[in-house]
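Chain by chain, the residues:
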Amino acid sequence: MNIRSLTRGDGVVIGAAVLLLIASFLDIYSIEGAPDSAEIPSLWGSGSVVLGVVLAGVIGAALIVVNRAMPQPKKVAGLDLGQFGVAFTVFAAWCALGNIFDPAGAFDNDGGLDNIGAGIGLILALIATLVMAAAAVATPLLPALKGTLIPASRPAAPQPYGGQPQGGYGYPGAQQQPYGGQPGQPGQPGQPGPSFGGQPQPGQPQPGQPQAPQQAQAQPAGDFSPFWFAVPVPRPLFAEDGSPTPIAELAPGTWYLAVEQRGANLVAQTQDGRRGVLQDTSGIQRG
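These numbers were taken from a predicted model, which means no experiment stands behind them.

Turning our attention to the layout of surface pockets. Over the atoms rolls a probe the size of a water molecule, and its path tells where empty space is left. Here the largest pocket defines a volume of roughly 840 Å³. Those elements giving two or more residues to the lining of the largest pocket turn out to be helix H2 (47-69), helix H3 (81-101) and strand E7 (246-250). Per-element accounting of the lining of the largest pocket gives the leading share, four residues, to H2. Across the lining of the largest pocket, the residue classes tally to 16 nonpolar, 11 polar and seven charged.

In structure tokens form, the structure reads like this:
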């Protein structure tokens, strides 16, 4: 699970769930004229409120957050856990609204209970479930709620993909010793020595000839340099062979390495070593 993939909308859902839990321990009723010493039950004193409001809201929030944090959404009966979570939050808000209108239930049909109203716990539960349901429904629709909840820390500058540390074997800017050559002659520090037999190697400067600039020898083959990047919203990563089926999903808050550019697309590498094509590169954050 990757908590960095949580969005701002998920943060609102989590906050609303915490408020709902706090409200569940407050008074469910408000009785007019009751003395301060009167013991009024909390939301946990009503089974219908516990099941329809408190537990439904908390379970819905948990399903939404867990589904977002998982690398691949889990589906049940063709629906992912996030969709079930949205349904639970809407149901909890609907039940809370009903209890606000009729907190005493069937007892007020007999008369004599007109002085009973919704308590502070029930009112806060309605507010929490309405905010929770609204955030759950609006997160996929509003860009402001799609943003990453936990900003990704900037990574260190990456080395070229597949490259060695600077100055090591294979690094484009390193001087390589010819086969059979000596480390360096006196008076010529850092210059490769002659090959076996004293004959100059092909491409080695001849005596009396101007030396080619070393920068030209160390020029990389292409202008593209690998870099780290993060995506603002979850985006699919497609296979390099052009298959329409995604091989992975890039999650916000995680840094990925771009190893190649193909037109407007990027070839990205995931943390487990898989490579694929990122077709939507709009709004990415470079490291």
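There's plenty left to go through after this.
This part takes up the pattern of salt bridges. This structure, assessed with the given rule, holds six salt bridges. With a closest N to O distance of 3.5 Å, Arg235 and Asp280 form a salt bridge. Pair noted here: Arg235 is in strand E6 (residues 235-238) and Asp280 is in the loop between strand E10 (275-278) and strand E11 (285-286), with a separation of 45 residues, a long-range link. Classification of Asp280 by relative accessible area gives partly exposed; the value is 38%. Among the salt bridges present, the one from Glu260 reaches Arg275, with a minimum N-O distance of 3.8 Å. Here the residue Glu260 occupies a position in strand E8 (residues 256-262), and Arg275 occupies one in strand E10, the gap between them amounting to 15 residues. On the accessibility criterion, Glu260 (29% relative accessible area) is partly exposed. When its relative accessible area of 27% is taken as the criterion, Arg275 is described as partly exposed. Through salt bridges with shared partners, a single network forms among Glu240, Glu260, Arg262 and Arg275.

Of all hydrophobic cores here, the largest spans 21 residues; its most connected members are Val13, Leu20, Leu43, Val49, Val53, Ala125 and Met132. Secondary-structure elements contributing two or more residues to this core are helix H1 (8-23), H2, H3 and helix H4 (120-138). No other element matches H4, which puts seven residues into this core. Each residue touching Met132, except ones within four places of it in the same chain, is listed here: Val13, Ala16, Ala17, Leu20, Gly57, Ala61 and Thr89. Counting 12 residues, the second-largest nonpolar core is a separate cluster that includes Phe229, Leu237, Ala248 and Leu278.

Take the pairing of E8 next. Where strand E5 (residues 227-230) meets E8, three bridges bridge the pair, whose relative direction is antiparallel. By the bridge assignment for E8, Trp228 is matched with Leu257. Relative to strand E9 (residues 265-269), E8 runs antiparallel, the two being bridged by five bridges. Paired with Ala258 across the strands is Ala268, a residue of E9. Connecting E8 to the antiparallel partner E9 that follows it, the hairpin turn spans two residues, and Gly263 within it adopts a positive phi of roughly 65 degrees.

Here we take up the packing of aromatic side chains. In total, this model carries three aromatic pairs according to the counting rule given. Measuring from centroid to centroid gives 6.2 Å for Phe229 and Tyr256, while their planes differ by 45 degrees, and the two rings are tilted. Of this pair, Phe229 sits in strand E5 while Tyr256 sits in strand E8, and the two are 27 residues apart along the sequence. The class of Tyr256 is buried, set by a relative accessible area of 7%. Following the ring pairs from residue to residue traces out a cluster consisting of Phe227, Phe229 and Tyr256. In this structure, Arg286 packs its charged tip against the face of Phe227, placed 3.7 Å from the ring centre.

The subject of this paragraph is the side chain of Arg235. With relative accessibility at 8%, the residue Arg235 sits in the buried group. Excluding residues within four positions of it along the chain, Arg235 makes contact with Ala248, Glu249, Leu250, Leu278, Asp280, Thr281, Ser282 and Ile284.

A word on H3. With 21 residues, H3 extends 31 Å from end C-alpha to end C-alpha; this agrees with the ideal 30 Å at 1.5 Å per step. Of all the positions in H3, only Leu81, Gly82, Gly85, Thr89, Ala92, Ala93, Cys95, Ala96 and Asn99 are classed as buried. Seen end-on, H3 carries its buried residues on one side only, within an arc spanning 165 degrees. Of the residues in H3, the exposed ones pointing more than 90 degrees away from the buried face are Trp94 and Phe101. For H3, the side-chain oxygen to backbone nitrogen distance between the N-cap and Gly82 is 3.1 Å, and the N-cap itself is Asp80.

Here we come to the confidence of the model for the protein chain. When pLDDT is averaged across the protein chain, the result is 74; 68% of the residues are at 70 or more. Confidence, expressed as mean pLDDT per element, reaches its minimum in the protein chain at helix H6 (residues 214-217) with 40 and its maximum at H4 with 93. Scored below 50 in pLDDT, residues 159-198 shows 51 contacts in the model against residues more than four places distant or in partner chains. Low pLDDT (under 50) marks residues 210-221, which in the prediction has seven contacts with non-local residues, meaning those over four places away or in another chain.

About the cut-offs
- Residues numbered from 1 in each chain as written.
- Predicted model: local features only at pLDDT ≥ 70, side-chain atom pairs only at ≥ 80, totals over all residues.
- Heavy atoms only, no water.
- 1 Å grid on protein atoms, 1.4 Å probe; cavity = no way out; pocket = protein on both sides within 12 Å on 5 of 7 lines; lining within 4 Å.
- Points joined across faces, edges and corners; volume = space filled by probe spheres on them.
- Helix = DSSP H or I, 4+ residues; strand = E, 2+ residues; numbered from the N terminus.
- Nonpolar A, V, L, I, M, F, W, Y, C, P; charged D, E, K, R; others polar.
- Salt bridge = Lys/Arg side-chain N within 4 Å of Asp/Glu carboxyl O.
- Buried < 20%, exposed > 50% of the residue type's maximum accessible area, 1.4 Å probe, protein only.
- Core = buried A, V, L, I, M, F, W, Y, C linked by side-chain atoms within 4.5 Å.
- Contact = heavy atoms within 4.5 Å.
- Pairing = 2+ DSSP bridges.
- Phe/Tyr/Trp six-rings, centres within 6.5 Å; stacked < 30°, edge-to-face > 60°.
- Lys NZ or Arg CZ within 6 Å of the ring centre and 35° of its normal.
- Expected span 1.5 Å × (residues − 1).
- Arc of directions from axis to C-beta.
- Polar contact = N/O pair within 3.5 Å; in protein donor to acceptor, adjacent residues only side chain to side chain.
- pLDDT = per-residue confidence, 0-100.

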